[in-house]
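Each chain, letter by letter, is given below.
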Amino acid sequence: MAAESPRTSASPTQLPNAGRVAGPDAASAIQVEAVGRSIRDYGNRFGGNPEGTNAEITRALDGRNPKGVLFLRAEQRRLNAEGELLDPWGTPYFFHQLSAHQTEIRSAGPDHKMWTSDDLIQR
């Protein structure tokens, strides 16, 4: 797993419920929340969330798991050449395992830079 970069003093946007996000990023917030839901569904099915790099987690969610279950809907399957799941702006998500049942999902947001004030975070 990649080491955390220093954070800026600005707070990223937390997504406890994407329905509460207003404005032009509401659709993007809903997409990030959908990835979180896919990870939670995987965790409920297998007794723990998928672990590893973005590409490893993406493979597990995309049917390469012990039961061949697809957790990513077609509209969520935005992948780069390395097989990494991409946020709404085309940047790979950052997955941070907080526990066996909780994964933080970070989208770099419209500036394509992690750890800035426009990041979207789903836990």
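Predicted model only: the values in this text are computed from it and were never measured.

*Asks:* How do you make sense of the overall build of the chain when you look at a structure like this?
*Replies:* From N to C terminus, the chain includes two helices and four strands. Its helices and strands in sequence order give the chain the pattern β-α-α-β-β-β, from N to C terminus. Restricting the contact set of the chain to residue pairs at least 6 apart, pairs at least 24 apart contribute 43%. A total accessible area of about 6,500 Å² is found for the chain, and carbon and sulfur atoms account for 50% of it.

*Asks:* Help me understand the pattern of salt bridges, please; the structure alone is not making it clear to me.
*Replies:* Where charged atoms from two side chains of opposite charge come close, those side chains can pair. Applying the stated criterion across every chain, the model contains four salt bridges. Between Arg73 and Glu75 there is a salt bridge; the shortest N-O distance is 2.5 Å. Here Arg123 ties to Glu104 by a salt bridge, and the two come within 2.6 Å at their closest N and O atoms. Residue Arg123 is found in the segment after strand E4 (120-122), and its partner Glu104 is found in strand E3 (residues 102-107); the two are separated by 19 residues along the sequence.

*Asks:* Please explain the pairing of E3 as it appears in this structure.
*Replies:* Within a regular beta strand, the side chains point alternately toward one face of the sheet and then the other, so they alternate between its two faces. Burial within E3 is extensive, with five of its six residues counted as buried. Counting the residues in the hairpin turn of strand E2 (residues 94-99) and E3 gives two residues. The pairing of E3 with E4 spans three bridges and is antiparallel. What sits directly across from Ser107, in E4, is Leu120.

*Asks:* Could you clarify how one ought to interpret the confidence of the model for the chain in this entry?
*Replies:* Atom-level detail of predicted coordinates should not be read off regions where pLDDT is low. Mean pLDDT over the chain works out to 86, with 80% of the residues at or above the 70 mark. Mean pLDDT values for the elements of the chain range from 54 in strand E1 (residues 13-14) up to 98 in helix H2 (residues 54-61). Below a pLDDT of 50 lies the segment residues 1-10, which in the model reaches 15 contacts outside its immediate sequence neighbourhood of four places, other chains included. Note that pLDDT drops below 50 for residues 16-24; the model gives that stretch eight contacts with residues more than four away or on any other chain.

Conventions used here
- Residues numbered from 1 in each chain as written.
- Predicted model: local features only at pLDDT ≥ 70, side-chain atom pairs only at ≥ 80, totals over all residues.
- Heavy atoms only, no water.
- Helix = DSSP H or I, 4+ residues; strand = E, 2+ residues; numbered from the N terminus.
- Contact = heavy atoms within 4.5 Å.
- Areas by Shrake-Rupley, 256 points an atom, 1.4 Å probe, with all protein chains shown as cover.
- Salt bridge = Lys/Arg side-chain N within 4 Å of Asp/Glu carboxyl O.
- Buried < 20%, exposed > 50% of the residue type's maximum accessible area, 1.4 Å probe, protein only.
- Pairing = 2+ DSSP bridges.
- pLDDT = per-residue confidence, 0-100.

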